[in-house]
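In case you want the letters, here they are:
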Amino acid sequence: MEDAVILVDKNDNELGTMPKLEAHIVGALHRAFSIFIFNSKKQLLIQQRAISKYHSGGLWANTCCSHPLPNELLSDAIHRRLNEELGMKCDMQSIGTILYNEKVTDDLIEHEFDHLFLGFSNELPQSNPDEVMDYRWLSLDSLYQDIEENAQNYSVWFRYILNRMGIEQFSRWSQGII
């Protein structure tokens, strides 16, 4: 079941499961999570997805994003994937949810009920090359400016979340203000 996602309705009520690739092909709404880790300099850790990923390979995205497995607690999934992708452990707290339906390619759609999590760490990532090609810590001003100039280098969901929440909200989060 590792390749399955949890299908949900617009209120995050579980409806069943579906193979992950199929869910992205048909645009089925499913549960996801996005993690945002800041350091003491108020910089956000972003990752460049491995080229081998089945979509958005080579694009920059938030610290970590994925899907909980069927029958896996969200609280377990966020820690599992942060460790699998970046070799990090970090306390995190929920900062809300967002629902989006964005075309990733001509054949794939990200239709997700996304749970957002915030954490703070000065730990250096030990990235898994099967998941992460590169990483960097960026100030929010630098990040928003680079996205404005080079939007094609960033994943659609990351751009959507940054745009929807806005730099003011991310600035509050970088300071630990929820």
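Note that the coordinates shown come from a computational prediction; the quantities given were computed from them, not determined experimentally.

### Re the nonpolar core
Soluble globular proteins tend to bury their nonpolar side chains together. Ranked by size, the top nonpolar core spans 27 residues in total, and within it Phe36, Phe38, Ile46, Leu143, Phe158 and Phe170 carry the most contacts. Per-element accounting of this core gives the leading share, seven residues, to helix H4 (residues 156-174). In this structure Phe170 touches Phe36, Phe38, Leu140, Tyr144, Ile161, Leu162 and Met165, once residues within four positions along its chain are discounted. Within the second largest apolar cluster, 16 residues are counted, among which are Ile37, Leu45, Leu74 and Ile78.

### What about the pairing of strand E4 (residues 44-49)?
With six of six residues buried, E4 is to be regarded as a mostly interior element. The alternating pattern of E4 places Leu44, Ile46 and Gln48 on one face and Leu45, Gln47 and Arg49 on the opposite face, and all of these are buried. Inspection of the sheet shows E4 paired to strand E5 (residues 60-61) by two bridges, in the antiparallel sense. Pairing of Gln47 across the sheet is with Ala61, part of E5.

Scoring rules and cut-offs
Residues numbered from 1 in each chain as written. Predicted model: local features only at pLDDT ≥ 70, side-chain atom pairs only at ≥ 80, totals over all residues. Heavy atoms only, no water. Core = buried A, V, L, I, M, F, W, Y, C linked by side-chain atoms within 4.5 Å. Buried < 20%, exposed > 50% of the residue type's maximum accessible area, 1.4 Å probe, protein only. Helix = DSSP H or I, 4+ residues; strand = E, 2+ residues; numbered from the N terminus. Contact = heavy atoms within 4.5 Å. Pairing = 2+ DSSP bridges.

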